[in-house]
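Structural characterization, general
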Amino acid sequence: MTTGKPIEVLLVEDDPGDELITREAFEDNKIRNNLHVVRDGLEALDFVHRRNAYEGAPRPDLILLDLNLPKYDGRQVLEQIKGDPALRSIPVVVLTTSSAEEDILRSYELFANAYVSKPVDLDRFMAVIRQIDDFFVTVVRLPGRASLGGDDDLR
């Protein structure tokens, strides 16, 4: 079994409550990944491009992206990430309150890797975060990462 290192997860979320729930889900599930949080679309783009306050930021291995953000909305952020050859291989999971068909369709047209509507129930929300982590860390091979081995490697 290969010893894996934690993955870098970028959460783009302007709602402090949803940020807190996501942090708690990571802690409760003993997820050892590094969670970085930015609160608007401009900060998200600065983070992924490693500019301004984020010059030393790590390259995210996974992005959890809300759609309804200040400055640039999630659709604009997604479009810029997937339109940039240096960034497009980063998996982006749209994690939003919207279940509108046009938001789902538009996100996939912009090459989102997954679209997840945030559950209202706290326990269900935490379970969804765990499922996202399980899928992208233990099932999917992320670009630029060696074989990470089994579940125990990252927890």
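Analysis parameters
- Residues numbered from 1 in each chain as written.
- Predicted model: local features only at pLDDT ≥ 70, side-chain atom pairs only at ≥ 80, totals over all residues.
- Heavy atoms only, no water.
- Patch = residues over 30% accessible without salt bridge, like charges linked within 9 Å, V, L, I, M, F, W, Y side chains within 5 Å.
- Areas by Shrake-Rupley, 256 points an atom, 1.4 Å probe, with all protein chains shown as cover.
- Salt bridge = Lys/Arg side-chain N within 4 Å of Asp/Glu carboxyl O.
- Lys, Arg positive; Asp, Glu negative; His and termini not counted.
- Charge placed at Lys NZ, Arg CZ, Asp CG, Glu CD.
- Helix = DSSP H or I, 4+ residues; strand = E, 2+ residues; numbered from the N terminus.
- Buried < 20%, exposed > 50% of the residue type's maximum accessible area, 1.4 Å probe, protein only.
- Pairing = 2+ DSSP bridges.
- Axes fitted to C-alpha atoms, helices over the stretch in contact; angles between N-to-C directions.
- Contact = heavy atoms within 4.5 Å.

1. Some remarks on a negative patch on the surface
Residues E24, E27, D28, D121 and D123 make up a contiguous surface patch of negative charge. In terms of residue count, helix α1 (residues 16-28) provides more of the negative patch than any other element does, three residues in total. Note on placement: E24 falls in helix α1. According to the relative accessible area criterion, E24 is partly exposed, its value standing at 34%.

2. Concerning the sheet that holds strand β1 (residues 8-12)
Hydrogen bonds along the backbone pair up the strands of a sheet, which may run parallel or antiparallel. The parallel open sheet is built from five strands, whose spatial order is β2-β1-β3-β4-β5. Two strands in the sheet have a free side with no partner beyond their single neighbour: β2 (34-38) and β5 (114-117). Neighbouring strand axes in the sheet, compared pairwise and without regard to direction, differ in orientation by 20 degrees on average. Note that β1 and strand β3 (residues 62-65) share four bridges and pair parallel. Paired with V9 across the two strands is L62, which belongs to β3. Along the sheet face, α1 touches β1 and β2 and points at about 175 degrees away from the line of β2.

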